[in-house]
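Structural overview for review
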Amino acid sequence: MGSPDHKGPITLLLLVVFSANTYSQLQTDCGIDIVIAIDTSCSITDEDKNTTREFIIDLARTINIGPGPTESQLGVLTYNDGIQHQFYLNDAKTNDEAIKLAENINTTPLGCRTHTHTALEVIRNDYFTAANGDRPNAANIGLVLTDGITIPPRFGKNTIAQAQLTKDAGIEMYVVALPSESKRDRDESEWRAIASDKVEDHFYNVESFTDLTSIITDLSVAVCEEKTTVQSNITTATTTEPMTTEPTTTEPTTVEPT
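- The name given to the chain in an unreviewed UniProt entry is VWFA domain-containing protein, with Owenia fusiformis as the source organism.

Following this line, the structure appears as structure tokens:
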């Protein structure tokens, strides 16, 4: 089995040795909202789609799921010619609920094309909304799992534009490039344009679908670090205690009668 070609800091790669349980114990204070868009176009085999589902299940086991400020929420959609809703951020309140939802992800495509531009637009306008569980004080993380560029290619510019709008909305974008038999569709420039700044920390290129599980801790640590960075950039208003001046009272002077 090959190893993921991730060009981020090597310290993150070393953390892959931790098990999911170890990670959960170490990262209980990481509260994020993460939405994952899964490419289910016809270029991906049914076996590989099942592996992708297992990746989501393992992720649901790894992060601490819940609505609390130190807990994380997970949402998932699949896309091809259109969008197939799976579950929103606030659909699972516990790890067990998230795992059950992940186990029932439907990866059957409604078409063979790869409309990444539509997926990015829906992530921003539908999934990261208060009605569907987005929390104002939690970092927003978007993750795209895809094996190729936007199809038809003429919509590639739309994907770049939607990616920029999504990042401008405060959503940190990660991309996992999945293996594909179609070499012509593997133009990394589109993937790197989707990923947030410091692309080497937001872009993963895996050699095999089975490598997905090996990047869970790496990815989880990365998004938790991103959450910490985002939170540290939020300036909290500091209140200065007003200086109160004690009223001075002048004692009345009495004049002794002469």
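Following the structure, the description resumes.
**Some points on the pairing of strand β6 (residues 171–177)**
- Of all seven residues in β6, seven are buried; the element is thus mostly enclosed.
- Where strand β5 (residues 139–146) meets β6, seven bridges bridge the pair, whose relative direction is parallel. When the sheet's bridge partners are listed, L145 is paired in β6 with V176.
- The parallel pair β5 and β6, bridged by helix α6 (residues 156–168), forms a crossover whose chirality is right-handed.
- Judged from the three bridges that link them, β6 and strand β7 (residues 203–205) form a sheet pairing that is parallel. The residue of β7 that forms the bridge with A177 is N205.

**What about the packing of aromatic side chains?**
- This model, assessed by the stated rule, comprises two aromatic pairs.
- Measuring from centroid to centroid gives 4.8 Å for Y88 and Y127, while their planes differ by 50 degrees, and the two rings are tilted. Here Y88 is found in the loop between β4 (83–87) and α4 (95–103), whereas its partner Y127 is found in helix α5 (residues 116–127), with 39 residues between them in sequence. Comparing Y88 with Y127 shows no difference in burial state: the two are buried.
- Directly above the aromatic system of F155 lies the positively charged group of R154, at a separation of 4.7 Å from the ring centroid.

**Notes on the nonpolar core**
- Grouped together as the largest cluster of nonpolar side chains are 33 residues, with contacts concentrated most on I36, I56, L74, V76, L145 and V176.
- When residues of this core are traced back to their parent elements, those giving at least two are β2 (32–39), α3 (46–62), β3 (73–79), α4, β5 and β6.
- Broken down by element, this core gets its largest block of residues, five residues, from α3.
- If sequence neighbours within four positions are ignored, I56 has contacts with I36, I38, L74, V76, A102, I105 and L145.
- Counting residues in hydrophobic clusters, the runner-up holds 23 residues, among them L77, A177, W191 and A195.

How each quantity is defined
- Residues numbered from 1 in each chain as written.
- Predicted model: local features only at pLDDT ≥ 70, side-chain atom pairs only at ≥ 80, totals over all residues.
- Heavy atoms only, no water.
- Buried < 20%, exposed > 50% of the residue type's maximum accessible area, 1.4 Å probe, protein only.
- Helix = DSSP H or I, 4+ residues; strand = E, 2+ residues; numbered from the N terminus.
- Pairing = 2+ DSSP bridges.
- Right-handed = clockwise from strand over helix to strand, strands pointing away.
- Phe/Tyr/Trp six-rings, centres within 6.5 Å; stacked < 30°, edge-to-face > 60°.
- Lys NZ or Arg CZ within 6 Å of the ring centre and 35° of its normal.
- Core = buried A, V, L, I, M, F, W, Y, C linked by side-chain atoms within 4.5 Å.
- Contact = heavy atoms within 4.5 Å.

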